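# Commentary on secondary and tertiary structure
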Amino acid sequence: MPALSTDTAGTAVSKEPDRIFAQPLAQVPDFAFNEDVVRVFPDMIKRSVPGYPTIVENLGVLAAQFAQPDSVLYDLGASLGAVTQALRRHVRSDGCRVIAVDNSAAMVERCREYLNAQNSMFQELLPVEVIEGDILALEFQPASVVALNFTLQFIAPEQRTALLSRIRQSLLPGGALILSEKLRFNDAEEHALLTDLHVAFKRANGYSELEIAQKRSAIENVMKPDSLEEHRERLLAAGFSKVVPWFQCLNFASLIALP
Ligand SMILES: C[S@@+](CC[C@H](N)C(=O)[O-])C[C@H]1O[C@@H](n2cnc3c(N)ncnc32)[C@H](O)[C@@H]1O
Ligand SMILES: O=C(O)C(=O)C[C@]1(C(=O)O)C=C[C@@H](O)C=C1
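Not measured: the values here are computed from a predicted model.

With that settled, consider the UniProt feature "domain: Methyltransferase" (unreviewed entry) in the chain. On the UniProt side, "domain: Methyltransferase" (unreviewed entry) is annotated at positions that read residues 75-175 here. Taken end to end, residues 75-175 is 37% helix and 25% strand, and its first and last C-alpha atoms sit 14 Å apart.

Moving on: the packing of aromatic side chains. Scanning all chains against the criterion turns up six aromatic pairs. Ring geometry for Phe31 versus Phe33: centroids 5.1 Å apart, planes at 85°, classification edge-to-face. Measuring from centroid to centroid gives 5.0 Å for Phe33 and Phe154, while their planes differ by 80°, and the two rings are edge-to-face. Of this pair, Phe33 sits in the loop between β2 (12-14) and α1 (35-48) while Phe154 sits in the loop between β6 (143-149) and α5 (160-170), placing them 121 residues apart in sequence. For Phe33, a relative accessible area of 26% corresponds to the partly exposed category.

Strand order in this open sheet of seven strands is β5-β4-β3-β6-β7-β9-β8, and the pairing throughout is mixed. The open sheet terminates on both sides in strands that have one partner only, identified here as β5 (128-132) and β8 (242-249). For this sheet, the mean angle separating the axes of adjacent strands, direction not counted, is 15°. One ladder, built from five bridges, connects strand β3 (residues 72-76) with strand β4 (residues 97-102); its direction is parallel. Pairing of Asp75 across the sheet is with Ala100, part of β4.

Definitions and limits used
- Residues numbered from 1 in each chain as written.
- Chains lettered and ligands numbered in written order.
- Predicted model: local features only at pLDDT ≥ 70, side-chain atom pairs only at ≥ 80, totals over all residues.
- Heavy atoms only, no water.
- UniProt positions renumbered as here; feature names shortened; annotations may be inferred.
- Helix = DSSP H or I, 4+ residues; strand = E, 2+ residues; numbered from the N terminus.
- Phe/Tyr/Trp six-rings, centres within 6.5 Å; stacked < 30°, edge-to-face > 60°.
- Buried < 20%, exposed > 50% of the residue type's maximum accessible area, 1.4 Å probe, protein only.
- Pairing = 2+ DSSP bridges.
- Axes fitted to C-alpha atoms, helices over the stretch in contact; angles between N-to-C directions.

In structure tokens, the structure reads:
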């Protein structure tokens, strides 16, 4: 396990810098959440997703408003459990527990280590179970909070509505789905502007033109963003009654969907 430090919010994370796309690759392979990515993931996601630390920390604050006593809080596509750590720190309702799910064995192994580190740093944290598995095959228990933090964009587009419908059916009254995604925009000019600004954000965070270009080609076949309008329509089709965007920074946004 790498040396751990805590970020400003007290989350246990490794500090290894992301240099995965720094050298020219003869052929850029499709992006995968493998051991190499796991090692640098906290640095990668913070330098790639504008607003990520704000989203994660506030997801805990939001979740505390929707959590119902004696219910499950799901972190779907948990990666290293950053959202799980925020849920455990912020939610105080009696009898709540967190279930974190990811289908990358490398992520799950490291996630368990980070959560053990969190256990030793804080008291009165919610109990947590980390499951290695496919969220498309998960049997959902009655839940008050479901977080999909930059995960739905990696699910095949034709499977997204069915997954959201199953999440909707598992949600208790008063609960919520919190969905964060990279967005595309139907207006070509808006799309080009926000894409350029995202590239500027990456440059300002120390990524080279080569790193930016190779990462773009690595994710283009595996990560398919939707527009805000598509998200809203799909969530309503899946049975949610209300969709409320609560955060946007450049082409990344987070929505609250109410049952
Ligand atoms: C961008 S990361 C999520 C980041 C994380 N939620 C956070 O806030 O730090 C996407 C994660 O979804 C996981 N994933 C993708 N498809 C999945 C599936 N079908 N079932 C479970 N996990 C999945 C990947 O392994 C990866 O760890
Ligand atoms: O659009 C990008 O360049 C990104 O890197 C985005 C993104 C994401 O949104 O999940 C893609 C893969 C990594 O998991 C980290 C960030």
